[in-house]
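The primary structure of each chain is shown beneath.
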Amino acid sequence: GLFGALYQPEAIQANCEWYTQALGSICTNSLGVKAMFNTKVVGFSTELVDRKSRASDVQRISKIVMERGMTIEVEQDTAVVIACGSWTPRLLRHLQLYCPIYPLKG
């Protein structure tokens, strides 16, 4: 039986490979982004942020942990973007965050 459906009247189709390559080129050549390929992120280290104006503790990612023990230190004011497609929820579980992303076929 049918368990769910997705209706997208405004949806269009694009060449994902071309778009991703173009975006990667702009980011690395113009914006100073460092791309790391064939590297698996396995977790994060976090630390408390001292924000006296908030009632609850705020955490920030201080280190990105990759396989084979490799790590990347994250500076205090650096934003971390997690864009792993349908694998995003699995990675965000390390931070006790929920993000309902599901793969689509088409």
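For the structure itself, look to the data block above.
The model shown is predicted, which means the values in this text are computed figures rather than measured ones.

A.B. asks: Before we move on, could you go through the sheet that holds strand S3 (residues 71–73) and cite the residues and values that matter?
C.D. replies: Spatial strand order, S1-S2-S3: three strands in an open sheet with antiparallel pairing. Edge positions in the sheet fall to strand S1 (41–49) and S3, since each has one partner strand and no second. Here the strands of the sheet are splayed against their neighbours by 35° on average, with no regard to which way each runs. In terms of strand pairing, S1 meets strand S2 (residues 58–66) through eight bridges, oriented antiparallel. Directly across from Glu-47, in S2, lies its bridge partner Arg-60.

A.B. asks: An account of the nonpolar core is needed here, citing residue identities and associated values.
C.D. replies: Counting seven residues, the largest nonpolar core is built from Phe-44, Ile-61, Ile-64, Val-74, Leu-91, Leu-92 and Leu-95. Beyond its immediate chain neighbours, meaning those up to four positions away, Ile-61 contacts Phe-44, Ser-45, Thr-46, Val-74, Val-80 and Leu-95.

A.B. asks: How would you summarise helix H1 (residues 16–30) if you had to cite specific residues and measurements?
C.D. replies: Relative to the 21 Å expected for 15 residues at 1.5 Å per residue, H1 spans 21 Å between its end C-alpha atoms, a close match to the ideal helical length. Remark: Gly-32 follows H1 within two positions and exhibits a positive phi of approximately 75°.

A.B. asks: Account for the pattern of salt bridges, with residues named and values stated.
C.D. replies: The full count for this structure, using the stated rule, is three salt bridges. In this structure, Lys-63 and Glu-73 form a salt bridge, with 3.5 Å as the shortest nitrogen-oxygen distance. Of this pair, Lys-63 sits in strand S2 while Glu-73 is found in strand S3, placing the two residues ten residues apart along the sequence. Ionic pairing is found between Glu-67 and Arg-68, a salt bridge with its closest N-O pair at 3.5 Å. When its relative accessible area of 29% is taken as the criterion, Glu-67 is described as partly exposed. Note on Arg-68: relative accessible area 72%, which makes it exposed.

A.B. asks: Outline the layout of surface pockets, listing residues and values.
C.D. replies: By volume, the largest pocket amounts to about 1500 Å³. Forming the boundary of the largest pocket are 33 residues, of which Lys-34, Met-36, Val-41, Val-81 and Ala-83 lie nearest the centre. Contributions of two or more residues to the lining of the largest pocket are made by H1, S1, S2, S3 and helix H2 (88–92). Here the lining of the largest pocket gets five residues from one element, more than from any other, and that element is H1. In terms of residue class, the lining of the largest pocket is made up of 21 nonpolar, seven polar and five charged.

A.B. asks: Provide a residue-level description of a nonpolar patch on the surface, including the pertinent values.
C.D. replies: Judged by side-chain polarity, Trp-18, Tyr-19 and Leu-23 come together as a nonpolar surface patch covering roughly 370 Å² of accessible area. Here Leu-23 is to be found in helix H1. According to the relative accessible area criterion, Leu-23 is partly exposed, its value standing at 39%.

Criteria and cut-off values
- Residues numbered from 1 in each chain as written.
- Predicted model: local features only at pLDDT ≥ 70, side-chain atom pairs only at ≥ 80, totals over all residues.
- Heavy atoms only, no water.
- Pairing = 2+ DSSP bridges.
- Helix = DSSP H or I, 4+ residues; strand = E, 2+ residues; numbered from the N terminus.
- Axes fitted to C-alpha atoms, helices over the stretch in contact; angles between N-to-C directions.
- Core = buried A, V, L, I, M, F, W, Y, C linked by side-chain atoms within 4.5 Å.
- Buried < 20%, exposed > 50% of the residue type's maximum accessible area, 1.4 Å probe, protein only.
- Contact = heavy atoms within 4.5 Å.
- Expected span 1.5 Å × (residues − 1).
- Salt bridge = Lys/Arg side-chain N within 4 Å of Asp/Glu carboxyl O.
- 1 Å grid on protein atoms, 1.4 Å probe; cavity = no way out; pocket = protein on both sides within 12 Å on 5 of 7 lines; lining within 4 Å.
- Points joined across faces, edges and corners; volume = space filled by probe spheres on them.
- Nonpolar A, V, L, I, M, F, W, Y, C, P; charged D, E, K, R; others polar.
- Patch = residues over 30% accessible without salt bridge, like charges linked within 9 Å, V, L, I, M, F, W, Y side chains within 5 Å.
- Areas by Shrake-Rupley, 256 points an atom, 1.4 Å probe, with all protein chains shown as cover.

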